[in-house]
Amino acid sequence: MKALVVFDFDHTVVDDNSDTWVVRCVPEQRLPDWLVKTYQKGRWTEYMGRVLSYIGDLGVSEAEMRSLMETIPFTHGMMEVLSFVAQNKDAIDCIIISDSNTVFIDWILRASNVQGAVDRVFTNPAWFDERGRLAVRCFHSHGCAHCPVNLCKRKALEDFLASQLREGVRYRRTVYAGDGGNDLCPAKSLTEGDTVMPRKGYTLDKQLAANARTPSVLKAQVVVWSSGLDILKEISSSVK
């Protein structure tokens, strides 16, 4: 059986937030206060829809936006991780579950020619509308009280595993690497033999440390990472 590697995207695969990186397209590289104040907690994707509409109103072209997004830096060591995964597809499946969007992730992966490492991407659908402006909508609806309204990563992961099982694919272990608070929910769904890898010093790391006081909440092994090379060391054991 194969191993499954699951990545968050922002501050994991790339070393910044793709949704805030795009703001570099606008004059002074900042958004007006009136727009920033429209954000409501848990409704980031709806807010980003307004941000992208504003960027479109400024006349920023698709080519300009793509050129900018392709400059976002990958996290140290992550290119080596993705290259390793791409070279070992007989032993590893790889998916991304992210609160970014399909257009940004596709642009960024293709710019570095590492899209072949990733089998599926679960994120908010985005597209250029008839006016040439980038639009985005929520990935799905769910009933999880702990996650943003647009995406429960646990549900996305469990739905993927269930669909794979229907195709006769069962994974011998899952390695989940992330950084944020929305990665805690899927981390709790992992079982014994799986590994959750929080980025050192980030929100997920702190939350897992707090959860360590109640061991029944988390069954997976916890391995903290600072560089993609730490992730590479962990997943390389899956092909031995």
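Preceding block: the structure.
Keep in mind that this is a model prediction, so the values were computed, not measured.

(A) Focus on the nonpolar core. Within the largest apolar cluster, 51 residues are counted, with the highest numbers of intra-cluster contacts made by Phe 7, Val 22, Ile 55, Met 65, Phe 104 and Ile 231. The contacts of Met 65, once residues within four sequence positions are left out, are Val 22, Cys 25, Ile 55, Val 60, Phe 104, Trp 107 and Leu 134. Among the nonpolar cores identified, the runner-up in size contains 19 residues, and Leu 184, Ala 187, Leu 190 and Leu 208 belong to it.

(B) View of the sheet that holds strand β7 (residues 195-198). Pairing is parallel in the open sheet, where 6 strands are placed in the order β3-β2-β1-β6-β7-β8. The open sheet has two free edges, formed respectively by β3 (120-124) and β8 (221-222), since each of these has just one partner strand. Pairing analysis gives 4 bridges linking strand β2 (residues 92-101) to β3, with the strands arranged parallel. Paired with Ile 96 across the strands is Val 121, a residue of β3. On top of the sheet, helix α7 (residues 153-166) reaches β1 (3-7), β2, β3 and β6 (173-178); it is set at about 145° to β2, its chief contact.

(C) A look at the layout of surface pockets. When its volume is computed, the largest pocket comes out at roughly 540 Å³. Trp 44, Asp 99, Pro 148, Gly 181 and Asn 182 are the residues nearest the centre of the largest pocket, which is lined by 23 residues in total. Take the lining of the largest pocket: its biggest share by element is 3 residues, from β2. When its residues are assigned to classes, the lining of the largest pocket shows 5 nonpolar, 10 polar and 8 charged. If you list the elements that add at least two residues to the lining of the second largest pocket, you get α7 and β6. Counting residues per element, the lining of the second largest pocket draws most heavily on α7, which supplies 5 residues. Per-class residue counts for the lining of the second largest pocket are 6 nonpolar, 5 polar and 6 charged.

(D) Region of interest: the pairing of β2. Most of β2 sits out of view: 10 of its 10 residues are buried. Side chains of β2 alternate between two faces, with Ile 92, Cys 94, Ile 96, Ser 98 and Ser 100 and Asp 93, Ile 95, Ile 97, Asp 99 and Asn 101 buried alike. Inspection of the sheet shows β1 paired to β2 by 5 bridges, in the parallel sense. Residue pairing for β2: Val 5 is matched across the bridge by Cys 94.

(E) Spotlight on unusual backbone geometry. Located in the positive-phi region is Glu 28, a residue other than glycine, with phi close to 65°. Summarising the element assignment, Glu 28 is placed in the loop between α1 (18-21) and α2 (33-36). Positive phi, normally seen in glycine, also occurs at Asn 113, with a value near 60°. Position of Asn 113 among the secondary structure elements: in the loop between α6 (102-111) and β3. Residue class for Asn 113 comes out exposed when judged on its relative accessible area of 62%.

Parameters and conventions
Residues numbered from 1 in each chain as written. Predicted model: local features only at pLDDT ≥ 70, side-chain atom pairs only at ≥ 80, totals over all residues. Heavy atoms only, no water. Core = buried A, V, L, I, M, F, W, Y, C linked by side-chain atoms within 4.5 Å. Buried < 20%, exposed > 50% of the residue type's maximum accessible area, 1.4 Å probe, protein only. Contact = heavy atoms within 4.5 Å. Pairing = 2+ DSSP bridges. Helix = DSSP H or I, 4+ residues; strand = E, 2+ residues; numbered from the N terminus. Axes fitted to C-alpha atoms, helices over the stretch in contact; angles between N-to-C directions. 1 Å grid on protein atoms, 1.4 Å probe; cavity = no way out; pocket = protein on both sides within 12 Å on 5 of 7 lines; lining within 4 Å. Points joined across faces, edges and corners; volume = space filled by probe spheres on them. Nonpolar A, V, L, I, M, F, W, Y, C, P; charged D, E, K, R; others polar.

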